[in-house]
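Structure at a glance
Residue-level listing of the chains:
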Amino acid sequence: MDSSDVRDLTSGDDIDIDEDEGAKLTQSLGTLRCVDWICKRITSLAGLPDGHEIEEETRYVMVDFLTNSQENALLAYMQDGSLTIQMQLPQDVVPNELCYFVKDIAGIDRHGNVTPENIASVIVHGKVKGAQMEGLLSIMQNFFVGDFRANHTWPETFKKEFSAQLNRFMSSLTEAVHSARGQTVLYIPDEDLGSIEVAAASKDLVQRLESTIIHWTRQIKAIVSNQEGSEQADEASPLVEIENWKDRLRDLSGIQEQLKQPGVERILAVLRIAKSSYLGPFESLAQSIERGCEESDDCLRMLTPLKEPCTQLSASSLDDVPAVLSKIALVVRFVWDYSRFYNTSERISGLLRRVSNQVMEHCSSFVKMSDVAFGPLQQAEETLEKCALCGESWRKAFSKTKAAIALNQSRPGWDSFDESRIFAQLDAFVQRCRDLLEICAWRAQFGGLKWNLNEDEELLIREYETLCNTEGIEEEVLAQKKANLPQIAQVHFGGCRGAEFEQSMQVICDQFNSSIKTLTKLPYHVLDVKSSGWHDDFNVLKSAIKDLEVMFQNVMQNAFDSVGSVAAAADVQETFHQLAVRETILRASEKRASETLQLFLRSLQAARMEYDRGRRQPPLGPVMPVLSGAAMWARTIQTRISKDWDRVSQSWHVTQQPEFPEAKTQFSQVSQAIDDYVKKLYSDWLASLEKGFGDGLDRHLMLRIEGGELNMNFSQEILALYREVETWEHLGFNIPFVAMEACANKDQMRITREQVMIVVREYNRIVASLEDWERRLFSDKIRTLDRKIMTGVTKLSWTSKGVVEMFCRDASRLCSSVFAVVEQFKACKARVMNSARQISETSLVLIERKVLYQEGQFESKQKEHREAVKSRLQEMSSTMHSTYKTMFKLFANDSNEVLREWSKFMTRMDNMYEEALRASVKRSLHDIARAIKGDKRHEVQPIFRVNIILDQSNRIDFKPTMSSLTQMVNTVSKDLITVLSSFSRFHHRIELEFREEQLLTDPDNERIRADILRRREKIAIATEHESETSIYANVSNDEEVLKVMVAIMSGMSDAVDQMSQVLTSWDNKYKKIWDTDREAYIRRFMRNQRPLQSFEKEISDYKSQQRAVQQEKTVEVKRFISSDASQLKQSIVNHCVAWQQKFTSLLNQMARDNLQNLKKFFSSNTESLRIEPANLDELADSVSLLRSLQDKKEATESQFEPLQAQYRLLEQFEVSVADAELADLAALPNDWNDFQRMLGSVEKRLDVAKRDMRKELERSIGTFERDLHALYDEFKDMAPYYMPEGMTALKAVDKVVYFRDK
């Protein structure tokens, strides 16, 4: 999918993508755009067609490169005409042009992920064309080295060091470039060697030249060691050996020419003057080059004649290989005789091994493991035989050449060659071919065990059939197609287990194919003898084949164990012998042939014993004749063993057993004994005919036997004669005339016997189907039938002509009509019994599973169910009523004796009807008792749901109460019995209705009128005593019904006791919550001025109790009652919440009062202190108030923390506080600070006022003193010290009062 596809997918307006998905989609779109960016730069590769569409898998590689932080390089190149993109360097190919993409790690770290916006800056890309190494060498030689040598500006020390590194690099580069071409080139450094003496004096230059000499020495040694290694490498073919000598000659010649170059000679001269220790080994190695060239030239000339036959061997067929190998052996002998250097034992042995390698390689090309495993078997075997023959032919050619060389006494022969080393791999190759031939043998044994074809195999067969019907198809093509067709086994297993055995053989075939299939997936060629894994894989396969052989023999044994006859054993033995190929399977099959013969002998012995045991008293059937039946029994034994003998004697493998002649003798003896026995029986029968046949046919047709049934009265002697004659005729014996005459009317007698038997069977069927009381009920009808039947019992005989057939026809018709009445009665009776059974199985109560009934639901459900059941019961009663009327119609006109029996029958039916209704009531009551008390098989399940409530009087109780629930269950139990009051007995009412209907049709019948009156009287008597004897009264007073009612009430009582414990539990735990007077408790709490911790404790306690109540089980099951405490829990929770609200309200009120008192305290005192004192008294009051407030500072400040604690506690319990109140609380610290600042300012102001008043007081005191002195003076002058004239006492007192007031 490219980026345009993604844009198409996301262009719809109706697609809703969340933010995460949008980010991922954006990132994916960016990655696809980056892939497009890389694709555009790859399309310019040389060899890539225009408009080439890059495959989806290749794009996934690009995505991995872009998104995987561990991958830093992506390479693209053309290989075999197709585009290859990978993240590793190519190993086995050198592309002509390589396109590379490399991540800039620093750019990635800086930008993060690769995006379309930064891809050009974080990914470096480019192309490399042609031979890169050669281009680098050319650049170094033509530009870099020359420029370096011409540069004289570098420091000498640095230049010397760099020059040494440059020489080493150029040596390695030159070697690598020419090694890729298969050449050895010595690098000559571009050094200044103008003056040899000067150069030899330069220590650094000499070291660099020595480094070059060392590199040359290593290169030349590599050539020499490469030749030695090639001599030791025996895996190659002779053609590769020839190419190696050709390359060696070229390398040595090239080196020889390079050593003669002036540059090399000048370097050697410098080192010679410098007396370099590396020069001697190099010169000696250089001298060996000439000897190597001569050796290589001689070896190449001697081995060249081997090229033609080896090339011919590579192109020859397997049939031509032996002839070509003879030619190769002659050429090898030629090399041994005439080569100067190659005729050593080591080289000739290596050459022989190389020829063996070529033989193995060439033969291996004809063998494919898939053909060996699944191809045409014969073709695979022929190919492997030829491959093994080729290996043996090469060894024979070697032995023949070795013998020819040994005849030449002038020089040593090949006797010293280590043949085990030369032919070790070839022998292993031949053995490997033998192993594969063994696999082919396994295929022949197990591969053909196929009875079923899969779809592919069926398709091959259909294709072959189509080709056969097509004109113009060559015979060779058809033959090849036919050879490739899947083969199906040509034998089949019979018997009921034949398919099982075929399936077992098919499993063996499938397992073999599965094991063989593993060889087609081996990671090496099966004829690659260097691969050591073959032995393990082949041993595993051999072990699997042994298991398959065991399985095959087990199937064979199971098949023999399952055979039931000698013929079947012979068939199984022949079947397996046809399938046997391997020796072990053939031996097992031959063993089964012996077992088959032993089975026949045992069967023959068993037949002899059976004959000996039964010859005196043969085991005959009840209708078999005595003499001819014994002969038939003996002939049956003889026929059975004869068939077994015929089948055994036809099996060639059985006849080859040594016990076969003895078996033949025993069979003849047994067969002859049986023939003699049959002839003797025939003679005894002929003698018995002279005694006559008794009274013959002069007998009555029937006779009555015990129990009232009839039996056919035919002569047993005549019947035995019929059977004897028929059997002896079947055995092929002659019948005497007297017997033939007696049997002349056998067919007519057979027809008569069958007609009489029909009457007998029908009569006996009527008698057998009736019980004793039913026979009394049908006595009138049976007497009528007996009057007809007695003619055949007392008058008619077997010789009565013409009368017997009419008698049988009339009697059979009368029996059929009577039996129809009996069947009608039986059907009506069964219908009544079925209705009674349905009534007894009907339950008058409906207790649904997994349903909890609320108040009033159970009784309404039961009432509805009772009405429905009552309606069904009435329908069934109506069915029984109509059925009884139909049954009474059968006997209404019979005798009084029959009617009395009918009355007894109806009494029994009414009792059954009453028992059915009683059973229905008992079943219903037992259902209720089981639901309430349970039993051994049923656990008690809850059926009633009651709610636990807290009523208006603060008392816990159930709703509905236990008493009302008990009363309801009792009422339901009694009501279901009341249903029976609508049902009454059928006796007399049925007969009365029928008689009244009869009277309408026959009003003058006095018998009917009398019966009507009699039955009306009985009905009236029954009605008078109905309250005591009715069905309802009997069932209501039934002892078992009363016991079940008592059990129901006992279960209810037990449940009430257990449910009271539930109420007690709630009372004991939580009664204090709702039973305590909240208002009085809060008043006491407020009056006692409890601390804040008490508030917290009380509120926390009620919260804890609230949580405890909420965690209490809401639903609790006690036997059949499920109590729901949700309403009680809600009521208790409401009480807990109310308590919490009371305490929090009280706390809030107290906190609010304390806060208002503080604010009032601040405001009132602030107002008092803000009034300026007008006199000393007011000043004294202000000062006193200020000192009092200052003294109360700590006490006032200590009120803040308790107040804050109160509000924190309110916040803790999530009490909603007024905003104005919270604002006042928050402003309290500021108000306190303002108040303190006010006190400070007031103190300063009062100090100023005190100073001012002091000054004023001092002034007032001076004025006072002066006024006081003036007053004193005036007093002295005017005081009434004495009584002057005109002064009276009253005036004197006035004077004193005046001064005092003043």
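The written sequence of each chain sets the order in which its residues are numbered from 1. Confidence filtering applies because this is a predicted model: local features only for residues at pLDDT of at least 70, side-chain atom pairs given and counted only at 80 or more, and all residues used for totals across whole chains, interfaces and linings. Here the side-chain values reflect all heavy atoms present in the structure, with hydrogen atoms and water set aside.

**Here's the deal with the overall build of the chain**
Spelled out, the test is: Helical segments are the DSSP runs of H or I of at least four residues, strand segments are the runs of E of at least two, and each set is numbered from the N terminus. When a residue's accessible area, from a 1.4 Å probe over protein chains only, is under 20% of the maximum for its type it is buried; when over 50% it is exposed; and in between it is partly exposed. Note on contacts: a residue pair qualifies if any of its non-hydrogen atoms lie within 4.5 Å across the two residues. Exposure was quantified through the Shrake-Rupley algorithm and a 1.4 Å probe, taking into account, for residues, occlusion by the shown protein chains and nothing else.
A count of helical and extended segments in the chain gives 50 helices and 10 strands. Within the chain, the fraction of its 1302 residues that count as buried is 41%. For the chain, the proportion of contacts with a sequence separation of at least 24, taken over those separated by at least 6, is 76%. Surface summary for the chain: the accessible area is close to 72,400 Å², and the carbon and sulfur share equals 51%.

**Some words on the sheet that holds strand β7 (residues 944–950)**
Rules: In this analysis, strands are considered paired if DSSP registers two or more bridges between them. Angles shown run from 0 to 180 degrees and are taken between the N-to-C directions of axes, each axis being a line fitted to C-alpha atoms and, for helices, limited to the stretch in contact.
Read from one edge of the open sheet, 4 strands run β8-β7-β10-β9, paired in mixed fashion. Unpaired on one side and paired on the other, β8 (956–959) and β9 (1115–1118) mark the two borders of the sheet. Taken pair by pair, the neighbouring strands of this sheet meet at an average axis angle of 30 degrees, ignoring direction. Both β7 and strand β10 (residues 1121–1124) contribute to a ladder of 4 bridges, which runs parallel. Considered in β10, the bridge of F944 is made with I1121. In the packing of helix α42 (residues 1039–1075) onto the sheet, contacts are made with β7, β8, β9 and β10, and the angle to β8 comes to roughly 135 degrees. Against the sheet, helix α45 (residues 1126–1170) makes contact with β7, β8 and β10, and its axis sits at roughly 15 degrees relative to β7, the strand it touches most.

**Re the pattern of salt bridges**
Basically, it comes down to this: Think of a salt bridge as a Lys or Arg side-chain nitrogen and an Asp or Glu carboxyl oxygen that are within 4 Å of each other.
Summed over the entire model, instances satisfying the criterion amount to 47 salt bridges. The partner of R434 in a salt bridge is E385, with the nearest N and O atoms 3.3 Å apart. A residue pair is termed long-range when its members are at least 10 positions apart, and R434 in helix α19 (residues 424–447) and E385 in helix α17 (residues 377–406) qualify at 49 residues. Of the residues examined, E385 reaches a relative accessible area of 39% and is grouped as partly exposed. Residues R750 and E754 are paired through a salt bridge, measuring 3.2 Å at the closest nitrogen-oxygen approach. Of this pair, R750 and E754 both sit in helix α31 (residues 746–769), 4 residues apart, which is roughly one turn of the helix. Members of the salt-bridge network, linked through shared partners, are E914, E915, R918, K922, D1038 and E1040.

**A closer look at unusual backbone geometry**
That bond from K959 to P960 is cis: its omega, 0 degrees, falls within 30 degrees of zero. Here P960 is to be found in the loop between β8 and α37 (962–978). Unlike most non-glycine residues, K850 shows phi in positive territory, near 60 degrees. Within the secondary structure, K850 sits in the loop between α34 (803–841) and α35 (857–891).

**Topic: the side chain of D1038**
Heads up, the rule is: Each polar contact in these results corresponds to two N or O atoms within 3.5 Å; when the atoms are within protein, one needs to be able to donate a hydrogen and the other to accept it, and residues that are neighboring in sequence are counted only if both atoms are side-chain atoms.
With respect to the helices and strands, the residue D1038 is situated in the loop between α41 (1031–1036) and α42. You can call D1038 buried: its relative accessible area is 16%. For D1038, the side chain forms a polar contact with the side chain of R918, separated by 3.3 Å. The residues contacting D1038, other than those within four sequence positions of it, are R918 and K922.

**Considering the environment of F905**
Position of F905 relative to the elements: it lies in helix α36 (residues 896–933). The class of F905 is buried, set by a relative accessible area of 0%. Other than its neighbours up to four places away in sequence, F905 contacts W773, F825 and M887.

**Some remarks on the environment of M302**
Its location among the elements puts M302 in helix α12 (residues 279–303). A residue is classified by how much of its surface remains accessible, and M302, at 10% relative accessible area, is buried. Distance in space between the C-alpha atoms of M302 and F334 is 8.1 Å, their sequence separation being 32 residues. The residues touching M302, leaving out its near neighbours within four places in the chain, are F334, V335, Y338 and S339.

**A closer look at the packing of aromatic side chains**
Where we set the bar: In summary, the pairing rule links any two rings of Phe, Tyr or Trp, Trp by its six-membered ring, whose centres are within 6.5 Å, and it sorts them by plane angle into stacked for under 30 degrees, edge-to-face for over 60 and tilted for everything else. Definition used: whenever NZ (Lys) or CZ (Arg) falls within 6 Å of the ring centre and also within 35 degrees of the ring normal, the charge is taken to sit over that ring.
Evaluation of the coordinates by the stated rule reveals 41 aromatic pairs. For the ring pair W645 and F667, a centre distance of 5.3 Å and an interplane angle of 15 degrees mean the geometry is stacked. Taken as a pair, W645 in helix α26 (residues 627–650) and F667 in helix α28 (residues 660–688) lie far apart in primary sequence, 22 residues in all. The buried category is assigned to W645, whose relative accessible area is 10%. In this structure an aromatic cluster arises from ring pairing among W773, F778, F825, F888, F891, W902 and F905. Over the face of the ring belonging to F65 we find K103, whose NZ or CZ atom lies 5.0 Å from the ring centre. A cation over an aromatic ring shows up here: R765 above the ring of F819, its NZ or CZ 3.8 Å from the ring centre.

**Re the pairing of β7**
Counting buried positions along β7 gives 6 out of 7 residues, so the element sits mostly inside the fold. Alignment of β7 against β8, held across 4 bridges, turns out to be antiparallel. Opposite I949, over in β8, you have D957 as the bridge partner. Following β7, the chain reverses through 5 residues before pairing antiparallel with β8; N954 in that reversal takes a positive phi of roughly 55 degrees.

**Points about the nonpolar core**
Note on soluble globular proteins: their nonpolar side chains tend to be buried together. Rules: Each nonpolar core is a collection of buried residues, namely Ala, Val, Leu, Ile, Met, Phe, Trp, Tyr and Cys, held together in the definition by side-chain atoms within 4.5 Å.
Formed by 184 residues in total, the largest nonpolar core has its most connected members in F600, W685, M702, W728, I789 and Y884. It is α36 that provides the largest number of residues to this core, a total of 16 residues. Ignoring anything within four residues of it in the chain, the contact list for W685 reads L627, L721, E724, V725, W728, I735, P736 and A739.

**Regarding the packing of α26 against α28**
For clarity, the cut-off: Here the word oblique covers every angle except those under 35 degrees (roughly parallel), over 145 (roughly antiparallel) and from 65 to 115 (roughly perpendicular). Rotating anticlockwise by less than a right angle from the far helix to the near helix defines a left-handed crossing, while the corresponding clockwise rotation defines a right-handed one. Residues are grouped as follows: nonpolar covers Ala, Val, Leu, Ile, Met, Phe, Trp, Tyr, Cys and Pro; charged covers Asp, Glu, Lys and Arg; every other residue, Gly included, is treated as polar.
Running from N to C, α26 and α28 cross one another at 160 degrees; their axes reach a closest spacing of 9 Å. Judged by the angle between their axes, α26 and α28 are roughly antiparallel. Crossing angle aside, the handedness with which α26 passes α28 is left-handed. A class-by-class count of the residues in the contact of α26 with α28 yields 18 nonpolar, 5 polar and 4 charged.

**Concerning a nonpolar patch on the surface**
What counts, and what does not: A patch is a set of surface residues, each over 30% in relative accessible area and not in a salt bridge, joined within 9 Å for like charges and within 5 Å for the nonpolar side chains Val, Leu, Ile, Met, Phe, Trp and Tyr.
A cluster of nonpolar residues, L620, M624 and V626, forms a patch on the protein surface that exposes about 240 Å² of accessible area. Secondary-structure assignment places M624 in the loop between α25 (583–614) and α26.

**Describing the confidence of the model for the chain**
The criterion, for reference: Across the chain, each position has a pLDDT score giving the predictor's confidence in that residue, from 0 to 100.
In this model, the chain carries a mean pLDDT of 78, and residues with pLDDT of at least 70 account for 87%. The least confident element of the chain is helix α1 (residues 3–10), whose mean pLDDT is 37; the most confident is α34, at 89. Throughout residues 1–19 the model reports pLDDT below 50, and contacts reaching past four residues in sequence, or to other chains, amount to 19 contacts.

**Quick word on helix α10 (residues 238–259)**
What counts is decided by this rule: What a helix should span is 1.5 Å times the count of its residues minus one.
Taking 1.5 Å of rise per residue, 22 residues should cover 32 Å, and α10 covers 31 Å from first to last C-alpha, within 8% of that figure. Regarding α10, the residues found buried are P238, E241, I242, W245, R248, L249, D251, L252, G254, I255, Q258 and L259.

**A short note on the packing of α45 against helix α49 (residues 1219–1278)**
Close contact between α45 and α49 brings their axes to 10 Å; oriented N to C, the two are set at 25 degrees. Our classification of the angle between α45 and α49 gives roughly parallel. The crossing of α45 and α49 is left-handed. Across the interface between the two elements, N1148, R1152, L1155, Q1156, L1158, K1159, F1161, F1162, N1165, T1166, L1169 and R1170 of α45 pack against E1221, D1224, L1225, L1228, D1231, W1232, F1235, M1238, L1239, V1242 and R1245 of α49. Among the residues forming the contact of α45 with α49, the class breakdown is 12 nonpolar, 4 polar and 7 charged.

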